[in-house]
Structures are given as C-alpha cells and as structure tokens.
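Observations on the model geometry
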Amino acid sequence: MLVAPLGIAWFAAVALVLLDGRRARVGWFAVAALGATLAATVVLAVQVLQDGTVRSVAGGWPAGVGITLRADALGVVFAVVSTGVLLAALVYEVIGGVQSPTFPALVLFMATGLTGVFLTGDAFNFYVFFEIAMISAYVLTGYGQETRQIRAATIFTVVNLLGSVLFLIGIASLYHVTGRLDMLGIALRSDDVGTQPIILIAVIIFVAFGVKLGLFPFHFWLPAVYTSTRPSVAAILSGALANIGSYGLLRFGADVLPRELEQGAPALLLLGTVSIVYGALQALSRNAASEVLAYSTVGQVGYILIALGVGGQIGYASAVLFAVVNALNKTLLFLSVELRGRLVWLAFVIGAFSVAGVPPAVGFFGKAALFRAGIAERSVILVALIFVGGALSFVYMFQTEQRRFWAGDADDPSPLARRGLVLLLAGLVVALGIWPEPLLALSEQAAAVLPERRP
Amino acid sequence: MTTILTQTIARLLLPPTFMVAVAVMVKGYADTGDGFSAGVIAGLGVLLQYVAFGYRVAERLITIRTAARSLVAGLTLALLVSFVPLLRGDPILTHAPAPNAHVIHLGSLELITAVLFDVGVFLIVFGFAVGAIGMVARAIDRSAP
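Please read these numbers as outputs of a predicted model, since none were measured by experiment.

**Comments concerning the packing of aromatic side chains**
All names here are of chain A. Evaluation of the coordinates by the stated rule reveals 33 aromatic pairs over all chains. Ring geometry for W10 against F129: centres 5.9 Å apart, planes inclined by 65°, an arrangement best described as edge-to-face. One end of the pair, W10, is in helix α1 (residues 4-17); the other, F129, is in helix α5 (residues 123-141), with 119 residues separating them in the sequence. Where F126 meets Y247, the ring centres are 6.2 Å apart and the plane angle is 10°; that geometry is what we call stacked. Taken together, the residues F126 in helix α5 and Y247 in helix α10 (residues 231-256) connect sequence positions 121 residues apart.

**A closer look at a nonpolar patch on the surface**
All names here are of chain B. Nonpolar side chains collect at one region of the surface, where I4, L5, I9, L13 and L48 lie side by side and expose about 480 Å² of accessible area between them. Looking at the nonpolar patch element by element, the count peaks at 4 residues for helix α1 (residues 4-27). Along the polypeptide, L5 turns up in helix α1.

**Concerning the environment of A407 of chain A**
Residues and elements named next belong to chain A. Along the chain, A407 falls in the loop between α16 (380-406) and α17 (416-434). Among the residues examined, A407 registers a relative accessible area of 70% and is labelled exposed. On a C-alpha basis, the gap between A407 and L392 in space is 23 Å, while along the polypeptide they are 15 residues apart.

**Examining the pairing of strand β2 (residues 68-71) of chain A**
All names here are of chain A. Burial along β2 is two-sided: the face carrying T68 and R70 and the face carrying L69 and A71 are both buried. Summarising the sheet, strand β1 (residues 54-57) and β2 pair through 4 bridges and their orientation is antiparallel. Paired with R55 across the two strands is R70, which belongs to β2.

**Comments concerning unusual backbone geometry**
Residue P360 of chain A follows P359 of chain A across a cis peptide bond; omega there is 10°. Its location among the elements puts P360 of chain A in the loop between α14 (342-356) and α15 (363-376). Look at the link from A96 of chain B to P97 of chain B: it is a cis peptide, with omega at -10°. Inspection of the secondary structure assignment puts P97 of chain B in the loop between α4 (64-87) and β1 (105-106). Even without a glycine there, the phi angle at R378 of chain A is positive, about 55°. Look at R378 of chain A and you get exposed, because its relative accessible area is 76%. Its identity is not glycine, yet L93 of chain B carries a phi of approximately 65°, on the positive side. Inspection of the secondary structure puts L93 of chain B in the loop between α4 and β1. Classification of L93 of chain B as partly exposed rests on a relative accessible area of 27%.

**What about the environment of L74 of chain A?**
All names here are of chain A. Its location among the elements puts L74 in helix α3 (residues 73-96). Among the residues examined, L74 registers a relative accessible area of 0% and is labelled buried. Sequence separation between L74 and A317 is 243 residues, and the spatial gap between their C-alpha atoms is 9.8 Å. With residues up to four places along the chain from it excluded, the contact list for L74 reads Y247, L250, R251, V320, A446, V449 and L450.

Rules behind the numbers
- Residues numbered from 1 in each chain as written.
- Chains lettered and ligands numbered in written order.
- Predicted model: local features only at pLDDT ≥ 70, side-chain atom pairs only at ≥ 80, totals over all residues.
- Heavy atoms only, no water.
- Phe/Tyr/Trp six-rings, centres within 6.5 Å; stacked < 30°, edge-to-face > 60°.
- Helix = DSSP H or I, 4+ residues; strand = E, 2+ residues; numbered from the N terminus.
- Patch = residues over 30% accessible without salt bridge, like charges linked within 9 Å, V, L, I, M, F, W, Y side chains within 5 Å.
- Areas by Shrake-Rupley, 256 points an atom, 1.4 Å probe, with all protein chains shown as cover.
- Salt bridge = Lys/Arg side-chain N within 4 Å of Asp/Glu carboxyl O.
- Buried < 20%, exposed > 50% of the residue type's maximum accessible area, 1.4 Å probe, protein only.
- Pairing = 2+ DSSP bridges.
- Contact = heavy atoms within 4.5 Å.

Here's what the structure looks like:
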C-alpha cells in the first residue's frame, strides 16, 4: 500500500508522455489517474493514522543499507494536500482546454515527485524525488509559451537550481559528517557529532528550503514568477510545490536536526517576523491581484517559520495546520483570480477571509493555532505580530477585492465548470472552518511524529 | 568543417561504439560499468555522426521521435522491474533470483532482473542523450541561413 500512490502517478505520467495532452480524452485520463493517486494516498493516510508509521526498505535490504520508504502522519498529511491541489489545478486546465501537449504528463510527474518526497525516509532519495518535482515545475512555469512566461520560467529555473545545489551540498555534508543517508540514522548519529559542523549544514539546508518557500531574504524570485505564470501553474507552485519547503523545514529541522533547530530558533523568529511585515506591506502597495497574492505568499510563509521557531508540539502542530490552510487558500485564490462572475466573487471573498483569519473560513484556525503558540511562548510581541499581520492581510485582501470586483465585469462570466470548481474549493475552506476537528486532530497527530523539544 | 576523413572515421566508429556500450553494460555486474555509462557511450557514437554529417544526414540514422520512444520504453521497463515485485508481496525493487539462488549464465552475462533494470537505464540515458543532441542540432540547422 505504501508505494501504491507513487506507482499509479508514475506509470500514468510515463503513459501520458506519448499522448497529446491537448485532447480532452487524454486530459480526463490524467484527471482519473491523479484522482486514483489521491484515493490511494487517502487510503494510505487512513491506514497510517490508525496503525502508525508504515516502513519498507527497497529491495528487502536491512534498514540502514537500502533506501527506506516511510509513511508517517506528517508525510501523508502533506501528500494528501499536495495531490489534492494538483488535482484541482489539473481539472481547472482540462475544463478550459489544455494548451500544451505535455501539461498533463508534467502534472503527474510532479505528483510522483511530491508523493515520493513526502513518503521517503532517506535523505538522498528525498533529493531525487525533489528534483523530479522541481524539473516538472521548471517546464510547467513556461506553460503558455508567451514571452513573459518563458522569462518567468528562466528566473524560476536559475534561482531554484541554485537552491537545489545548496540542498545537495547540505545532504552530502550530512553524509560526510554522520556517515548515514537515512534520516533516522542521521538523527541518531548527529547527536554524537559536535555542534560546530552540523549547525553550518543546518543553515545551508535552511537556506535551500527558504529559497523554495520564498522566505524574506530569498523571496526575490517569487513575485516575478507568480505574476507571469498562468493561474493554474501559480496555484500548483504555491499550493503544492511550496509544501516541499514547509515539509522540508519540519522534517529536516524538527525531526532530523532538532538540536540545531532549537539553536536557530531566534533567527527563525526574526526572519519570520520580517517576512510577515515585509510581505504584508509590499502586498498593500501593489495593484495587480496576482502581485498582491505573490507578496501575500511571502508574508504567509513567515507564520510557518514563527511556528517552527516556537517549537514543541504546539508550535509544530500549528506549523502543519498553517501550511495546509495556506496551501488551500492560495490554490483557491490563484485559481479564482482570472475568472469573472458573481460566484467567483463569493469564492474570492471566502479565500480573502481565510487569508485574513476570519471565521467561518478555515484560516481562522490557522491563526488561532498560532495565537496559542504565541501565548505558550509567553511572548507579547508574537501575539501582537500575529494580530497585526492578520489585520494587514485583511486590508490588502479587501483592497484587491474592491479593485478586482467592484468595478463590475464588462465581459461575460467564465465557463460554469471553472466557476463551479473554485466554488467547490471555497466550500471546502468553509466546511473545514465550520467543522475543524478532523483537521486539528490531523495536525496534532502529524506533530506528534516529531520529537518533543528538549528542555 | 568536416572532410571525407572525419566522415569515414565517424561511420567506421559507430558499430564498435555500440559494441563497447553493450560490453560495458554486460560486464557491469563483475567489473566496472553499468547501464548509465553504456548509454553515454552509445549516445556519444551518435553525437559523432551529428558532428561529422550535420543534422539532416544524421537524423536518418535515428530520429528525435525514436529517441523519445527509447526513453519512454526504458522508463517503463525500469519502473516495471521496480514495481512488479510488489505483486508477489516483496518490497519494491526486490530482484530475482534471490541471493545465493542459482543464476543462469550466458557467457559472462548473468540472467538477473537487475540486468533488465540496467537495460532500462541504458535506454533512458541513450534516448535522452540522442534526443537532446538532436534537438540542439535541429535548432542550429533551422537558424542557419
């Protein structure tokens, strides 16, 4: 069961390479395959949440020798969310007619890469799947084939190749210092190694994931890319691919190198704060809706960093919850940004409420979890920051809503199926906000996988 | 600028290149070599044809489309070798025959599923190398006056 999602996505991706993705039938085949992947991931998730972590070593080798595949609560949560986001973006494109023959195959290759990243227990294997996902993203960013999209793809590729190289250097150094590549082994051995070399490696890995996430000092590529790509691709990048960054920080920070995460906590809190304030102020000063959303992304990932800096079960649980909520919000908003009509307005407003953290949208619980973390940390500054950040995002989201919808739409509304899709996503955001217990329990269970912070 | 000399040598070298590639792959289990290096060697043989003859002639040898098919076939083969053991309840990538079991030898070639996986790797690397070289050559050919 562990490798079923991986296998379905991978075989379907290979089959789709030979087919012309512009034909509707091929597009719906891709949707069916991705749906099957999502179903298999959900089945795996249920199994993991009930019976605990599932492990398997490739080739029947002893653990520590072969490549470990491992599904735990943290991994499956991210796998389900990312595959779901990819499915939404793929359906959005297939409804409107895919323009490139390779688009469906690339989305399935990215599903393969992401599922692999979240289900592997081996640091180098993590890198391999990470590259599969990244390479599909490089090509996907150019989807549309206009000059601005090619330019965006070039920026994205160059910056993220640098990030990937940094990550590879980090993995190689970890192997050099600990002699292991499986995450469990690295975590055990790194305790025996002095702090000096490992803190440097931890910084390298942090920078690598920071580039992927678009954290404050490494965000420079993000607005240029998000504003130029197609909405579906922007949704894929911010809702699915960015999960690698938040998952990677949680996995490599809290799970593999907890001691270094604790030492780096003040820096994380500082960077998170700057990210939130900077992202919100930039978003306030922008006009184009996609640009506002891009800077809002810079701000929102700051919250994940803050939650990580707070640490402990409360901090990790709120980081997971916030990452999931953020992925849903960004998918909803990016997909609805170019559509027209009253229904789209409704979906956009729900997304805006969710970003600002206003009930009944699910974003409220993301912010509430952060409040709890801030109070647990006994920090007035953190609580104030989260409040101010939320207020600022409320202002910029509704500024955008005014500019985008109050002028009235001159053109006819978009196709009903697309509007229905974003409305469905908006319904999900509200439903999870009204009935949040499963999501809250899920994030706590995911955080319980990570070791408790040492006193 | 290519001359009759480079063209003759390029053509003469093509069969031995493929032979060396196959030898490197077959020897891989007892000696240095594997499907990846074999794919690179075979790809270089084709690259030589592009350098000596140009895109239009060399494309007759193997088209970009064939190269892409080789890549897909290789990926499918490697994936099948990885995933089929699951049907028997073994972990992914379990190879047959099991360690210490009897292996059929054909000369220095051992009939094990790992070889099949390496054939897949060979096809991927060869297909990618030829496809990439062909696309660059095509772009140069089209931009030439």
